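Reading the structure
Listed below, chain by chain, are the residues.
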Amino acid sequence: GGGGGKEEQGVVDWITGNENEWGDILGIDNVEDIEGIKEGVKDYLVKTSKVVVNAVVTVGSGGCYVFKDGSVSHITGCPGIKPIDTTGAGDCWRGRFGAGLANGEDFIEAAGMANVAAGVSTESMGAVVPEVEEIERRRSLMGRVK
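Attention here is on the structure that accompanies the text. Residue positions within a chain follow its written sequence, with the count starting from 1. Only residues with pLDDT of at least 70 get local features here, since the model is predicted, and only at 80 or more are side-chain atom pairs given and counted; chain-wide, interface and lining totals rely on the full set of residues. Hydrogen atoms and water are omitted, and side-chain values are computed over all heavy atoms in the structure.

1. Quick look at the overall build of the protein chain
How we decide: The way it works is that DSSP assigns letters per residue, a run of H or I at least four long becomes a helix, a run of E at least two long becomes a strand, and they are numbered from the N terminus. Values of the radius of gyration come from C-alpha atoms, whereas the globule rule sets the reference at 2.2 Å times the count of residues to the power 0.38. Burial classification: accessible surface area is computed with a 1.4 Å probe over protein chains only, and a residue below 20% of its type maximum counts as buried, one above 50% as exposed, and the rest as partly exposed. Should any heavy atoms of two residues lie within 4.5 Å, those residues are counted as being in contact.
Broken down by element type, the protein chain carries five helices and four strands. In the protein chain, the order of α-helices and β-strands from amino to carboxyl end is β-α-α-β-β-β-α-α-α. On C-alpha atoms alone, the protein chain measures out to a radius of gyration of 16 Å, which is about the 15 Å that the 2.2 N^0.38 rule sets for 146 residues. C-alpha extents for the protein chain along the principal axes are approximately 45 × 40 × 25 Å. Across the 146 residues that make up the protein chain, the buried fraction comes to 37%. Across the protein chain, every contact between residues at least 6 apart in sequence was considered, and the portion connecting residues at least 24 apart equals 57%.

In structure tokens:
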């Protein structure tokens, strides 16, 4: 409401979760079945389209799948990561993704930078937020993700 007569499309712009979280939401036991998770997310977005607009499934070092406007984009993970501790990686991913969107990045670039940030965060013990310069340096080594 209150949008000058313009009907709002959804209440939630983005919902994100890893394959285990999506498995719980969708009632899918075999979370290794990424194709099954992807189909489930597509169905979920159709069923909840008045509330939820877009979704992301993060898959650790495999990057993430972004569901937007009826299509799915696979954004690769950051190569060369040597994980020590994954504590906080999902939180780091969500923080960088949200910050990227808020700063005007398109969803592909925001997801790519979030993948790098989360990956780099696993290279130290504990929940670590990597320095912006390190995220940008690692991302520049990858080139633009399509």
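Now that the structure is up, let's keep going.
2. Observations concerning the pattern of salt bridges
Pairing between side chains of opposite charge can happen when the charged atoms of each approach one another. What counts here: Salt-bridge detection follows one rule: a side-chain nitrogen of Lys or Arg within 4 Å of a carboxyl oxygen of Asp or Glu.
Enumeration over the complete set of coordinates arrives at five salt bridges. For the salt bridge of Glu35 with Lys38, the shortest nitrogen-to-oxygen distance reads 3.2 Å. With Glu35 and Lys38 both in helix α2 (residues 34-47) and three residues apart, this pair spans about one turn of that helix.

3. Focus on the packing of helix α1 (residues 19-26) against α2
Stated precisely, the cut-off is as follows: Lines fitted to C-alpha atoms define the axes, with helix axes restricted to the stretch in contact, and inter-axis angles between N-to-C directions lie between 0 and 180 degrees. By the definition adopted for this analysis, an angle is roughly parallel if under 35 degrees, roughly antiparallel if over 145, roughly perpendicular if from 65 to 115, and oblique otherwise. Handedness of a helix crossing follows the sense of rotation of the near helix relative to the far helix, less than a right angle counterclockwise being left-handed and clockwise being right-handed. Ten residues, namely Ala, Val, Leu, Ile, Met, Phe, Trp, Tyr, Cys and Pro, are considered nonpolar, four, namely Asp, Glu, Lys and Arg, are considered charged, and the remaining ones, Gly among them, are considered polar.
Where α1 contacts α2, the two axes come as close as 10 Å, and the packing angle between them is 55 degrees. By the angle between their axes, α1 is oblique relative to α2. Viewed along their axes, α1 and α2 form a crossing whose handedness is left-handed. Packed against α1, whose contacting residues are Glu19, Trp22, Gly23, Ile25 and Leu26, the element α2 presents Ile34, Ile37, Gly40, Val41 and Tyr44 at the interface. Across the contact of α1 with α2, the residue classes tally to seven nonpolar, two polar and one charged.

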